[in-house]
Amino acid sequence: MKTGTAILDVDDLHTYFRTEHGVIPSVNGVSFEVREGETLAIVGESGSGKSVTSLSIMGLIDSPGKVEKGNILFEGKNLTTLGKKDYRKLRGNEIAMIFQEPLSSLNPLFTIGNQLSESIKLHQKVDKKTARVKSIEMLRHVGIPRAEKVFSSFPHVLSGGMRQRVMIAMALSCNPKLLIADEPTTALDVTIQAQILELMKKLAKENSTAILLITHDLGVVAEMADKVVVMYAGQVVEHTDVYTLFSNPKHPYTKGLLNSTPKFHETEEVLASITGTVPTPSKMPKGCKFNPRCPFATEVCTTQEPVLREVADGHKVRCWLYEEKEDAI
């Protein structure tokens, strides 16, 4: 897919949390960029740091969490230096976010129309009548039938798919340049998932919106992404384009994720799985963070941490198996 200039550039991001057990690194040196009209997916198991990365970009990390180090550049502007007032102007306007569970993201005490038009009035400085017209137009745009009735409805009377469409309408109502979608289809059934993904692709194409997609679902990645960042234990372990990821994955963790995905043409009774679990931030292993679960781990993996290395054009991997003196898997 042909893409334009970089909209978002995350450089060496470190987000830590202060707890009674000390300082816990949740995101540890993450770097990537998202270009105009491009969809970049961040994948990994729960606890890998995906959502904390997206919340850091949105400026929604509250105490005891803090972005300790690194830069988040949006159209060249460093968001880590913004005050709360400037961040509020940016959120919902130039950068919008769709959260995982729409019912908890919508206020149950206000109608859909009230919440949608409030965002439009705030960021586009229009009157109540204009905001209402734009709100109903956006509801129709995301495929909601009887938009006027939905405008006057409360969130609890809508289905999960309808609520997620409302969230997309809300996110796109101010024509953002960057859309962050955190597990946007997790709470939906398979049929509605497909409709929501198709809708996001269509609207992003129409508006040249860049999308940062947070997910653990590799099927969603295959459907939506141009490039993929694989995260594990707060770090990027592999970064490449979506075609290379599926045809020639390098990191053992990426291979494990792909092998544990059901395949239509295979009839295995038991799915392959990655042994163990993601380590907690307070109890990270020495060396490579994946070494306790890795079938290829050697002594160096347990003592020294590998760096993210470019092993092919545009393909980066954090693994000792791809150091210059080692043979590739």
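So, how was this worked out
Residues numbered from 1 in each chain as written. Predicted model: local features only at pLDDT ≥ 70, side-chain atom pairs only at ≥ 80, totals over all residues. Heavy atoms only, no water. UniProt positions renumbered as here; feature names shortened; annotations may be inferred. Pairing = 2+ DSSP bridges. Helix = DSSP H or I, 4+ residues; strand = E, 2+ residues; numbered from the N terminus. Contact = heavy atoms within 4.5 Å. Axes fitted to C-alpha atoms, helices over the stretch in contact; angles between N-to-C directions. Phe/Tyr/Trp six-rings, centres within 6.5 Å; stacked < 30°, edge-to-face > 60°. Buried < 20%, exposed > 50% of the residue type's maximum accessible area, 1.4 Å probe, protein only. Lys NZ or Arg CZ within 6 Å of the ring centre and 35° of its normal.

Named according to an unreviewed UniProt entry, the protein chain is ABC transporter ATP-binding protein originating from Sporosarcina luteola. Listed in UniProt under the heading Subcellular location (unreviewed entry), the comment for the protein chain reads: "Cell membrane".

Engineer: Which parts of the structure should I look at to understand the sheet that holds strand E1 (residues 6-19)?
Structural biologist: Strands sit in the order E2-E1-E4-E5 across an open sheet of 4 strands; the sheet is antiparallel. Every other strand in the sheet has two partners, leaving strand E2 (22-35) and strand E5 (77-78) as the edge strands with one partner each. Bridge count for strand E4 (residues 65-74) against E5 is 2 bridges, and the pairing is antiparallel. Considered in E5, the bridge of Phe-74 is made with Lys-77. Running over the sheet, helix H1 (residues 50-58) touches E1, E2 and E4 and is turned about 110° from E1.

Engineer: Would you explain the packing of aromatic side chains in this entry?
Structural biologist: The way to describe two aromatic rings as a pair is by their centre distance and the angle between their planes. Evaluation of the coordinates by the stated rule reveals 3 aromatic pairs. On the basis of an interplanar angle of 55° and a centroid distance of 4.7 Å, the ring pair of Tyr-232 and Tyr-253 is categorised as tilted. In this pair, Tyr-232 sits in strand E9 (residues 227-232) while Tyr-253 sits in helix H11 (residues 252-259), placing the two residues 21 residues apart along the sequence. Judged by its relative accessible area of 0%, Tyr-253 is buried. Ring centres 5.3 Å apart and planes at 65° place the aromatic pair Tyr-253 and Phe-290 in the edge-to-face group. Of this pair, Tyr-253 sits in helix H11 while Phe-290 sits in the loop between H11 and helix H12 (299-303), placing them 37 residues apart in sequence. A network of ring pairs unites the aromatic residues Tyr-232, Tyr-253 and Phe-290 as a single cluster. One Lys or Arg, Arg-132, reaches over the ring of Phe-151 and ends 4.9 Å from the middle of that ring.

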